[in-house]
Amino acid sequence: MKELVSVIVPAYNADKYIGKCIRSIVCQTYENIEVIIVNDGSADGTEELCENYIKSDKRIKLINQSNMGLVSARRTGISQAKGKYLTFVDADDWIESNFIERFFLNSTEDCRKLVVSNVITMESKSGQWIESCSVPEGSYSHSKIVTKVLPRLVYDEAKMIPGVFAHLVGKMFDTEKFRQKYKRIDNRITLGEDGAFVFPYIADAEHMTVIDNPGYHYVQHESSMSCTLGVYDIEKLKVLQKCLDDQIKEHESYDIVKHQADIYVRDLLIRVLRSSFGLELGKILCTPPYELIPKGSRIVLYGAGRVGKEFAKGFLQTGYAEIVGWVDRGVRGNFYGIRIVHPEQLKDMVFDVILISMNREEDVAAIRNSLVSQSIESDRIIWKPVRWG
């Protein structure tokens, strides 16, 4: 008999997206699931939509509560979970049909108390791309977690990419252990909620299995991407930092975990200050998406602004790929010994991939369409949102 898996879906004003989310869950190839939707005081049609899905699938359960925030909604869902394992799906995201099954296919029974995917599929109006973190696939005992994972838990400072994703999604947990640990999460945390739990949980884990499971689609909608932060959010970071400190203060590798936790809080602080005051604070690291580019590729950079120059510097310093061309519609000159030319000269270049080196999605979409119209295969055109930190 397959073990029951509880799928928890916190929802707030999600009537535009939650239908696709629910359909993707109930169509899982791993069928022994229960779907617990926690409607956190939605003022739109979320409740009515969910009621309609309940009529057609008895595995779905809807819990309505007044608006109390994400942490509280998750806590409500966890309290009702009957499965031996649980996983989370955000109401505006969706999962591929074999997403849950892959957690079982790629782990053994005694190693399922924590199964983590090291990749996630990102979606926006510009398309899809895979985000990766630096901890490789494999089975990690607690001693290996301490030596191999904790030094890059939040951020791998050597590779300059995330160590483990902070998201609660894309992971499968042992329900009872999760329930006990989640009691320590402060309901007042509304910024950095996922990391407040995930990082201390991994630090204390007896075992962790890391798999390559890109079946979770993390969808970036304009409404979520344009969310602004303010000075008042600094107070929220104080609550987050205290919650993290309280959980890790007695850890055997406190100094290492504390350093990583501070990186997490610092990154959020940079976002708050940048949003509040329009500062460029923290724009000190901008690394190329190495995980999307085969090593040794011949690449053309498209864009010679700040992002393009940082990407060029990264490739030149690491030798990861060969820059065979650099194009931009408005910029001319010679940077790092590379001549920047007009995109019309692409027809004379021999390359494996074109890396669009800019961050405005509107520009990216127009450039991608232009390149495709020139008979350049779409799978040779690479872009992902830039992460400054």
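Residues numbered from 1 in each chain as written. Predicted model: local features only at pLDDT ≥ 70, side-chain atom pairs only at ≥ 80, totals over all residues. Heavy atoms only, no water.

J.: In this structure, what is going on with the overall build of the protein? I would like to understand it.
T.: A count of helices and strands for the protein gives twelve helices and 20 strands. In terms of its C-alpha atoms, the protein occupies a principal-axis envelope of roughly 60 × 50 × 45 Å. Within the protein, buried positions represent 53% of all 389 residues. Nonlocal contacts in the protein, meaning residues at least 24 apart in sequence, comprise 77% of its contacts between residues at least 6 apart. Total accessible area on the protein is roughly 17800 Å²; 51% of this is exposed by carbon and sulfur atoms. Taking the 50 positively charged and 53 negatively charged side chains of the protein as two groups, their mean positions are separated by 2 Å. (Helix = DSSP H or I, 4+ residues; strand = E, 2+ residues; numbered from the N terminus. Buried < 20%, exposed > 50% of the residue type's maximum accessible area, 1.4 Å probe, protein only. Contact = heavy atoms within 4.5 Å. Areas by Shrake-Rupley, 256 points an atom, 1.4 Å probe, with all protein chains shown as cover. Lys, Arg positive; Asp, Glu negative; His and termini not counted. Charge placed at Lys NZ, Arg CZ, Asp CG, Glu CD.)

J.: Help me understand the packing of helix α6 (residues 175-182) against helix α7 (residues 193-204) in this model?
T.: Pairs of packed helices are described in terms of their axes, by the angle between the two and the distance that separates them. Between α6 and α7, the shortest axis-to-axis distance is 11 Å and the interhelical angle comes to 120°. As far as their axial angle goes, α7 and α6 are oblique. Helix-helix and strand crossings are classified by hand; for α6 and α7 the assignment is right-handed. For the pair α6 and α7, the contacting residues are K177, F178, K181 and Y182 in the first and F197, Y201 and D204 in the second. By residue class, the composition of the contact of α6 with α7 is four nonpolar, no polar and three charged. (Axes fitted to C-alpha atoms, helices over the stretch in contact; angles between N-to-C directions. Parallel < 35°, antiparallel > 145°, perpendicular 65-115°, else oblique. Left-handed = near helix turned anticlockwise from the far one by under 90°. Nonpolar A, V, L, I, M, F, W, Y, C, P; charged D, E, K, R; others polar.)

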